[in-house]
Structures are given as structure tokens and as C-alpha cells.
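# Residue-level structural notes
This is what each chain is made of:
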Amino acid sequence: MAHDTTVLVLGGGSTGCGIARDLAIRGVDVTLVERGNLTGGTTGRMHGLLHSGGRYAVSDQASATECIEENEILRDIASHCVEETGGLFVQRPEDSDEYFREKLAGCRDCGIPATVLSGREAREIEPYLAEDVARAIRVPDGAVDPFRLCVANALDAERHGARVETHAEVIDLLREGDDIYGVEVRHDSGPGKRTHATPGTTEEITAEYVVNATGAWAGRIGAMADLDVAVRPSKGVMTIMNVRQVDTVINRCRPKGDADIIVPHETTAILGTTDEEVDDPDDYPEEQWEVDQMIDTLSELVPIIEDARTIRSFWGVRPLYEPPGTGTQDPTDITRDFFLLDHAERDGVGGMSSIVGGKFTTYRAMAEEIADHVCAKLGVDARCVTAEEPLPGSEDIAVLEEGMDSFGLRSPIARRSKQRLGSRAPDVLETNENEANPVICQCEGVTRAEIQDAVEQSGSDLNAVRIRTRASMGNCQGGFCCQNMANELHPRYDEETVRDALDELFQERWKGQRHALWGEQLSQAMLNYALHATTMNRDNDPANAPAQVDYAQFDGGA
Amino acid sequence: MAITDDVLVIGGGLAGATAALAAAETAPDARVRLVTAKQSTLRHASGLIDVLGYAPDSEGQGQEQEQGQGQTPIVDPFAELDTLPTGHPYERVGGEAVRDALEFFDDIAGDAYAGGHTDKNALVPTHGGTVKPTARYPTATADGLASDDRDALLVGFETLPDFEAPLAAAHLEAAGAPFDARGVTLSFPGIVRDDAKVTRYAHLLDRNEQVAAAGEDEIGAREALAAAVESHLEGEPRVGFPAIVGDDRPAAVRESLADALGVDIFEVPMGPPSLPGLRLEDLLYAALEDAGVRMTSGVPVVDYETGNDAIDHVVVDRNGAEIPHEAAQYVLATGGLVGKGIESGRERVSEPLFDCHVPHASDRYDWFVDDVFGEQPYARFGLAPDRELRPLDANDDPEFRNLRAAGAVLGGYDYAAEKSGAGVSLATGYVAGTRAGEESE
Ligand SMILES: Cc1cc2nc3c(=O)[nH]c(=O)nc-3n(C[C@H](O)[C@H](O)[C@H](O)COP(=O)(O)OP(=O)(O)OC[C@H]3O[C@@H](n4cnc5c(N)ncnc54)[C@H](O)[C@@H]3O)c2cc1C
Ligand SMILES: Cc1cc2nc3c(=O)[nH]c(=O)nc-3n(C[C@H](O)[C@H](O)[C@H](O)COP(=O)(O)OP(=O)(O)OC[C@H]3O[C@@H](n4cnc5c(N)ncnc54)[C@H](O)[C@@H]3O)c2cc1C
């Protein structure tokens, strides 16, 4: 029987996109389906720590070893998505000396470069560390941009012939007897040109092999074919600060850490995170005390955080997995390792494997392992090259630097655009000299050329444009630039599409701010609200209203 | 030594300026002083004077979401004032006072503003392209009303991404505006940098600077702009620009453009930084000077002392030096969340200067609703005053005998949803200033 595709990958997070890229480069015909947008699951809601492995050096040395290997690979193949900040494991007076020694030894066992710094030396690197910090271990942690990295994987998969279908939710697995041979998806209205089918319509996609990479949702997919995939979703909160208080990843050096990491990202720092099991990965409480507690805990390490301005908080759910029968009580004790479940071996149902657990840092290794597995099944004997092949945008730094100068962009913006775009910068930034290229998003310094490039790739979905460019993700949370971003869609898209896209982006930006709504951020929220409702009347726009306005009744001038 | 006045107004936005002017008018012999820290909210605001565009949600039905969304605008705001819920600032001062305040404003603004010829709201195009109801509008906007049925050409500029004229024109059509609007995007003569500030555009036109023109040597910026627009005109009797048409001499700039093109010229109000808002601030400050109000700007009031349930004096921080300022009557017009007259922390919402009572839910998660345009509790944060505009404490007693509050520092109304911001600042500033003037004597 002829299949629509050879391999069907379910889930457009880092794992799914990594698998699609790996297989596509090996020449396998791949289709990826994702119910929302790329990174719409856990990948878009994580802390962005490129682990050195130090965190697991005592508790889980296999994971630690894999982290340092992948950390080194990603710094190489995705340098434009990684900032090599370095990391510190910081010991406070009340933290145990013995654990500090174990951590150091563990790092060395796992091949993680580690040096000990005195409190004074640590404060020289990070002046805002608390006065009483005793010592620190320095490791090669980094900051990684999961949006760009995930999208780069998807782009490369597409370049190698893959079909990437977003806004296509798997609603059923096609199973005949003991064989899974595809899925049924329901298409939704993701605005933009990625919409390949009419919203609400369903499509059956058949495949020789299905890979379930839906992370915290993998159990749901399994259940569609009566397979038990015991994912234990566990939520964590992260809070974005408005300035970058630290330039190094700060970890607390103590056994079981909760809420004890600060990761610097571009112009911000992100605090995180907690670990609490939830029943439903789509519906779990997001609670104020989680944010408060995290700020309190982390201000023991970096006291100025206590009174600093926060931008927003967000939550994500980890796709933790335990083999049946392990029965761990506390989610922090569940292994961070990943598991490849071949349902033929495990359940006697062929045609599908699920991949669960793991970390963002090790997404590539996970993808490699599952791609090897799938290739073995299919009889494809191409080798994995993803550890050597740079991701789109990461090569040619020199060309970039030159290009930047000749574009006449001023350095802060140029530097950041360049980092965002990697080697695609000359293409995108070399606009016609006579064409204006104003800044559209002031907070993040994103120019028209970058927005237009992102629109070209993502269509009218402004949330996708946001993810590609970081526009609307700075201090004003989009209050001042959402409108400008929407303006860039016209005339490519008609007025109504633009209006809807703006509404969607603005609501989405609001959603993220709600958990950090106090202080400066609440004042900013009021300013944004006033700008959109008072100045622009977007809340009562007659174009959206059911009833016609009778203009003749109003003041028509003196 | 303390500085002594009869009336001291704290905060120099629309409400504070109006209060100081009203106090000076009511009590011509009184010494009136206005102390203000920073630029006011007017630099963000569009410069329109809204009175009431939409009815606030009546009490009781205050469910989440969809408060006013999809409502049609109010035609006559003055006729609706008596229907407002108890505690709304307009209800506190009464409908008559709102009318008086608008008249007071019309006198001050003179021919810089229009709309006073009728009680009806005008519908004004927004830079996003829809329309909004407002009661008074800058003369610069008068020819742009959407409730005027003449066709219009909208002109935007490549380097001003806030206003996409063709999109705004299409949006006006979708909003049902009773005329044909077209939009074109041009490059602005004389603007060489992509990130020029809006004041740069305005000053080019104010000073009619020489700019490079195709073929010729150099011509004035106004002629160059008119020439660029001319070829796009298809008989429209009016042409709209984003609100950058002059800063110091906007009337003269409009006149030159109108003469050159043979059409009426208008401005579409814009977001921050808003020249129409800044022009209104200039106008108010000139009026304050004419009225003999003493001005202390660039410094905040940081503290106060009481005696006998009343404020004895306040302390102004002048670069670290603490200077007592004493008066018989005080008006607090420090703005809302935007002006920083209302502050919030993780635990509570407060008025930072006198710690006047600010009603609010104790759980931070009850400060907002999920729909960004839903009925937002935070938008109503502010002081609850008596009918004299004295802020009340948690037991409904005045916090201080001689303190009144005006403008966005007051709570109980959502100016963004109602479109009532400037109207409330004018009405409450007028009443607070008038009463303070009366009682200072
Ligand atoms: C709070 C938190 C912080 C973290 N911090 C770090 C960190 O700092 N460093 C690190 O290395 N790792 C971190 N992680 C772990 C890391 O984020 C995840 O392991 C990783 O992102 C998982 O990627 P994934 O592709 O497996 O899952 P996901 O990104 O969740 O992808 C699964 C996708 O499947 C889609 N899907 C679900 N159901 C369907 C359906 N029916 N049809 C189609 N598609 C469907 C979802 O929409 C989703 O996009 C963190 C995790 C959490 C929760
Ligand atoms: C983006 C936006 C658009 C708007 N558009 C419109 C519109 O189109 N139409 C309309 O009618 N309304 C509009 N409004 C609402 C309107 O502008 C405000 O409601 C009004 O300006 C508030 O005036 P105010 O004088 O009460 O406060 P503010 O203008 O905020 O003034 C408060 C002043 O007090 C000063 N101050 C604060 N603390 C101290 C202190 N301790 N000591 C000394 N000084 C202090 C501040 O520096 C500031 O100058 C808009 C508002 C915003 C934010």
C-alpha cells in the first residue's frame, strides 16, 4: 500500500523538529504535524539553560555526561542560538561543604570542565552575588534560544524536503489490527501562509512509520491506540526580569534545588524554576505563590532581584517519564533521561515508537537515537550528520560582520540582528539602499527588514513573527509595537486579516504578563491598555461590532 | 524656611493644571502653586478631550469579559452623565460641573480646540484606522472627522511605521465611515534617517527648512511635501497626515500645505510620543503662567506633616534638599498607574505620597481578567472621594480636611473603556481647584 509519507513525526517541539531534520538529511521522506505553532508546547516554555551537565553531576551522571557532550556540539553547530555565558554553582554559608565537594568530583567524573572560585572571585565575575556567598564552581553552562534553535531545525528539515504542517492536531491514530499506519489530523486556522488546509477539515495522513514526539502529551497520543505511555507531566514557573542582573548562569549548589537558577538571555534574565506534578498538561493552576517563592529564594543568591522589575511569568510542563513500576514520589527525583518506547517490542503494536522524557539540551542526541532506530526499521543505512552539520544561520561570521557595516545599521541593533539571523543576515538586512528600514520594535531593536523576512516565512501569524524576531518581547510587552508589526502585514494581507492578527498577538502578549502584574509592569499594562483602547479604540472598533454606527448623528464639524 | 502659599496643587498633568487654573480664577488674590515632578501623561495621550464615549458597565453585571466590547458609541455624552454608577467621578461632581469644566476648558484652549459648538460627540479617525468618539479635538484634527462625509486622502510615510495610511483607509471603510478614504505611503522630504524622532518631522515643517528636491536645488520642506502629495490627489477635498504637522507653528504649516494643495489639511492623532498631547501641555502651561500660578517643576513632593486632621505642610525634594511647602488647601493630582500617583507591589496597591486608601482586592490575581479588553479591575484603581473630592479612608471618612484629589489618581472609572480620561481630569480638576480656591480665602 502506498503511503503519504515514509515517516510521520508527531509534535513540533525541539524533539520532533530535531527528528524531522535528522531523518530528512538522511534522505527519508518526512512529514511533521504539530497541533499549534512550532515551539507551542514545552519547548517554547522552558528556561533556556544549555546545561553543562553540572546540575546532574551528582544525582544522574549518565545525563550529566550526555549534557556536556551535547553542550559542546550545540555551541558548535548552533552558535547563533547559544550564548556562552558560563555558569556558577554558588555555595551559601548554610549549604553543605560535603555536597560542594561531591559536585566538583562529579563534574570531573563526567568530563565537565570545573574550577573552584572563592566568594570574592565569584563576586568579581558577578558583582550582584550576595556578600555572604562562600564559594562557587565554574562550569560551561550557557543560554540557548529555544525558539530560534527549534525553528532552525524545522527550516533545515524543509530544505531537505520535509513537509512541516503546523496547526494540525492529531485527533486519532490509524490502527489496523496490530499495526499503526498513520494519523488523522484536524486542520485549524493558523493565520498565514502555513495554513495548507481549510480550518475544521480533517485529513488522514498515512505513513510507514510514526514517531510520537509529543512530549508531555505523548500519553494522550498513546491512548488513541490503547497504548499506555506513562508520562508524568510536571510544571515549572519562570519569571523574566526587565534587566540582565547577571551575565553568568547562577545555580545554587545544594542537593535538591527548586527555584534556584538564573539564566541571562539577551537583555533580560530569567528566574526558574519549580517542579510540581500536574494531571493535565493543558490545564493546570498557575499560582502567584510560585512566583513569589521563587523571587524570595533567588534573592538569597542575588539580593537585588527582590525589588527588581519583572516583565512576565510563564509556566511549562516537563514530559517526565518513568518506566512502569518505578513509583517515584517526588517529581524532582524522576530521571531526566529520555526513553525510546518501541511499541512493537513493548506492546506488540507495530508501526510506532514514542520518545519521552529528556531535556532540551540533549534534543539532538535523542533525535539521533530515534532516527537510528527508525532507519533500522526502514532499512535505510544513512549515517547521522547532525552533530557536524551547522544549523541554518550559524556559519559565515566574517561575511556577517562585513555585511553589517555596509548596511549602515548602528551597532546595538546590528549586533543583535546579526545574532538573531546568523548567516542569513546579509540576505535579510541588505535592503535596497533607497528603501526605508525603520525600527519596528524599539525595545528589542527589530527592523522592518527583519519583520518582512519573518512575514515572508511565517505568513500573517504575528506570534510566529514574534518568535522569529523577538519583536514585542521587550519591556513594553508589545504595547507600543504590536500595532507596527501588524502594519507590516499590509498590503500583503488584507485589512481584516491584519486586524485579526493584531488582536491575536495583543491577547497573547497580555496572557504572558498576567503573572507579573505589579509595580512597573502593571503601570506599563495600564499604558498599553490606554494606548490600545483609548487612543485606538480597539476594544469597541465599529469594524468588529455587530451594530452599524450611524455617523450622521455625530458632530460633523462646525 | 517653608514656602507658603494658599493653594498647593501636586502634579502638573491635565487635572493639576486645571485645578490650579480654577483655583486662581476662583480666588484671584490667592497664591496658587503647582509642584510637579515629571512630564505628564499628556506626552502619551492623543490630545483629544473625551467626555464619555461608551457607557460603563452598570454595577452587578460586572462579570468577566466583554464589558463594553461591540457597543455603539454614545452620541450625547452629557445626556448620559446622570446614569453613571455611584462613585464614578462624574457622579461625584455632578453633570452640571462637567459642563462648567468643559466651558472653562474651551475658554482656555481658545481656537486651538474645536467641538464646543455641540453637545454631541465627534467620531475621530485613529491611527489604527478605526474611529473613536470624543467631545473636543484639536483644531488640527477638525477637518478630519469621520462623522464628516467628505472623501479623504490619508498620507503616511515610509519611515513612520506607526501609521500605515492605506491600511488605515481600508479600516475606515470596514468601520463604515460615510466617505471614501484612500491611503498612500510617501517618503518624507528632508528625512534622511530611518529613526528620526517625530519632532524632527515637525521642526522641518515649522521652520520650512530647505530640503533636497528632485532636479532642482533646494526648496522649503512645506512645498516639497505638498509637491509629493499633489500627484496622488484624486479630487479629495481633504488630506490627512499623522500628527507631525508642526510643533510650534502647526496652524501656519497646515495653512501653507492647504494653500499649495487647495484642500483642507488634518492630523490623525497618534500614539506616544504624541505631539498633540504635548501641544496641549504647552497650552496649559502658558495659561498657568498668564494666571500667575507659581510653578515648581522637575521636583517631587516626597513627604508631609499633619496637624488637626489636616495637612500642615508637604516636603519637596529639590536635588536632595528637603524644602517644606505650606498651604491652606492641597490638591492631589499625581495621576494614576501611568502618572505614578498610584503604585502597586506584589501585595498591595497604594497612593505613595499620603498613603490615602485605595480600594482593591487583596489577591493580585483578582486585579485583572483574562481578556485584555475585558472589565479590568486594575484600570479602576484609585482613590474613592466624597462629593467634595476629598479622598476617603477605609471607613469613608475624609483622610485630611484640606486635601482634594483630581484626575487619574481617582478610582472607580475605566477611562480607557469609557473614553472619559481627559473629561474626568478636567471636571474633577475644575471642581477640586474651585473648592480649594473658595476655602483658601
Ligand atoms: C519549566 C521547565 C524548564 C525547563 N528548562 C530546561 C532547560 O533550562 N534546559 C533544558 O535543556 N531543558 C529544560 N526543560 C526541558 C525541555 O524544555 C523539554 O524537555 C523539551 O523542550 C521537550 O521538547 P519536546 O519536543 O519533547 O516537547 P514539546 O516541546 O512539548 O513538543 C511536543 C509538541 O507536541 C505537540 N502536540 C501535543 N499533542 C498533539 C497532538 N494531538 N497533535 C499534534 N501535536 C501535538 C505539542 O503542541 C508540542 O508542541 C525545561 C522544562 C520545563 C517544563
Ligand atoms: C496612552 C494614553 C492615551 C490616552 N488617550 C486619551 C484620549 O485620547 N482622550 C482622553 O480624553 N484621554 C486620554 N488618555 C487619558 C488621559 O490622558 C489621562 O486620564 C489624563 O491625562 C490624566 O491626567 P492627570 O493630570 O490626572 O495625570 P497625569 O497626566 O498622569 O499627571 C500626573 C502628574 O503628577 C506628577 N507627579 C506624580 N507624583 C508626583 C509627586 N509625588 N510630586 C510631584 N509631582 C508628581 C507626574 O509627574 C505627572 O506630571 C490617555 C492616556 C494614555 C496613557
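Just so we're clear, the structure is a prediction, and the values are computed from it rather than from any experiment.

## Side note on the UniProt feature "domain: BFD-like [2Fe-2S]-binding" (unreviewed entry) in chain A
With numbering aligned to this structure, UniProt lists the feature "domain: BFD-like [2Fe-2S]-binding" (unreviewed entry) at residues 439–489 of chain A. Across residues 439–489 of chain A one finds 49% helix and 10% strand; the C-alpha atoms that close the span lie 15 Å apart.

## Considerations on the confidence of the model for chain B
All names here are of chain B. Averaged over every residue, the pLDDT of chain B is 93; residues scoring 70 or more account for 96%. Every residue in residues 59–68 scores below 50 in pLDDT, and together they form 23 contacts with partners more than four places removed in sequence or on other chains. As a predicted assembly, this complex carries a pTM of 0.71 together with an ipTM value of 0.96.

## Notes on the interface of chain B and chain A
The interface of chain B with chain A comprises 78 residues on the first partner and 67 residues on the second. On the chain B side of the contact with chain A, Pro161(B), Arg346(B) and Phe373(B) bury the most area, a combined 13% of that side's loss. Where chain B meets chain A, there are six salt bridges. Of the charged contacts in the structure, one is a salt bridge between Asp292(A) and Arg346(B), with a shortest N-O distance of 3.1 Å. At the boundary of chain B and chain A, one finds 32 residue pairs in polar contact (both at pLDDT 80 or more). Where the side of chain B that touches chain A is concerned, the elements lending two or more residues are strand 5 (122–125), strand 6 (131–134), helix 6 (165–174) and helix 11 (415–418) of chain B. Counting residues per element, the side of chain B that touches chain A draws most heavily on helix 6 of chain B, which supplies five residues.

## Observations regarding the site of ligand 1
All names here are of chain A. Contacts to ligand 1 come from 33 residues, most closely from Thr-15, Glu-34, Thr-43, Leu-49 and Thr-361. One nitrogen or oxygen atom from the main chain of Leu-49 is found 2.8 Å from a nitrogen atom belonging to ligand 1. Within the contact set of ligand 1, an oxygen atom lies 3.2 Å away from a backbone nitrogen or oxygen of Phe-360. Look at ligand 1: alone it shows 1,000 Å² of surface, and the protein chains cover 96% of it. Of all elements in the fold, only helix 1 (14–25), strand 10 (168–176), strand 13 (231–241) and strand 18 (310–321) reach the threshold of two or more residues within the shell around ligand 1. Partitioning the shell around ligand 1 into residue classes produces 10 nonpolar, 18 polar and five charged. Counting contributing residues per domain, the shell around ligand 1 is built from domain 1 (5–42 + 147–230 + 336–378) and domain 2 (82–142 + 233–321), each supplying no fewer than three.

## Description of the domain arrangement of chain B
Domain assignment breaks chain B into domain 1 (3–109 + 278–440) and domain 2 (140–268). Of note, the centres of domain 1 of chain B and domain 2 of chain B, computed from C-alpha atoms alone, are 35 Å apart.

## Here we look at the sheet that holds strand 8 (residues 142–144) of chain A
Residue and element names in this part refer to chain A. One open sheet accounts for three strands, arranged 3-8-4; its pairing is antiparallel. Only two strands of the sheet have a single neighbouring strand rather than two, namely strand 3 (49–50) and strand 4 (82–83). Across two bridges, the pairing between strand 4 and strand 8 is antiparallel. The partner of Val-82 across the bridge, within strand 8, is Val-144.

## Overview of unusual backbone geometry
Cis geometry is adopted by the peptide bond preceding Thr273(A), which originates at Gly272(A) and carries an omega value of -20°. Here the amide bond leading from His490(A) into Pro491(A) is cis, since omega sits at 5°, within 30 degrees of zero. With a phi angle near 55°, Asn308(B) is a residue other than glycine that sits in the positive phi range. Within the secondary structure layout, Asn308(B) lies in the loop between strand 15 (301–307) and strand 16 (310–318). For Asn308(B), a relative accessible area of 66% gives the class exposed.

## Thoughts on the pattern of salt bridges
As enumerated under the stated definition, the model contains 63 salt bridges over all chains in all. The shortest N-O distance in the salt bridge between Asp539(A) and Lys419(B) comes to 2.8 Å. Here Asp539(A), found in the segment after helix 17 (520–535), pairs with Lys419(B), found in the loop between helix 11 and helix 12 (421–440), and the two come from separate chains. Owing to a relative accessible area of 0%, Lys419(B) belongs among the buried residues under this scheme.

About the criteria used
- Residues numbered from 1 in each chain as written.
- Chains lettered and ligands numbered in written order.
- Predicted model: local features only at pLDDT ≥ 70, side-chain atom pairs only at ≥ 80, totals over all residues.
- Heavy atoms only, no water.
- UniProt positions renumbered as here; feature names shortened; annotations may be inferred.
- Helix = DSSP H or I, 4+ residues; strand = E, 2+ residues; numbered from the N terminus.
- pLDDT = per-residue confidence, 0-100.
- Contact = heavy atoms within 4.5 Å.
- Buried area = accessible area lost by both parts, 1.4 Å probe.
- Salt bridge = Lys/Arg side-chain N within 4 Å of Asp/Glu carboxyl O.
- Polar contact = N/O pair within 3.5 Å; in protein donor to acceptor, adjacent residues only side chain to side chain.
- Near = heavy atom within 4 Å.
- Areas by Shrake-Rupley, 256 points an atom, 1.4 Å probe, with all protein chains shown as cover.
- Nonpolar A, V, L, I, M, F, W, Y, C, P; charged D, E, K, R; others polar.
- Domains from an automatic or database assignment.
- Pairing = 2+ DSSP bridges.
- Buried < 20%, exposed > 50% of the residue type's maximum accessible area, 1.4 Å probe, protein only.

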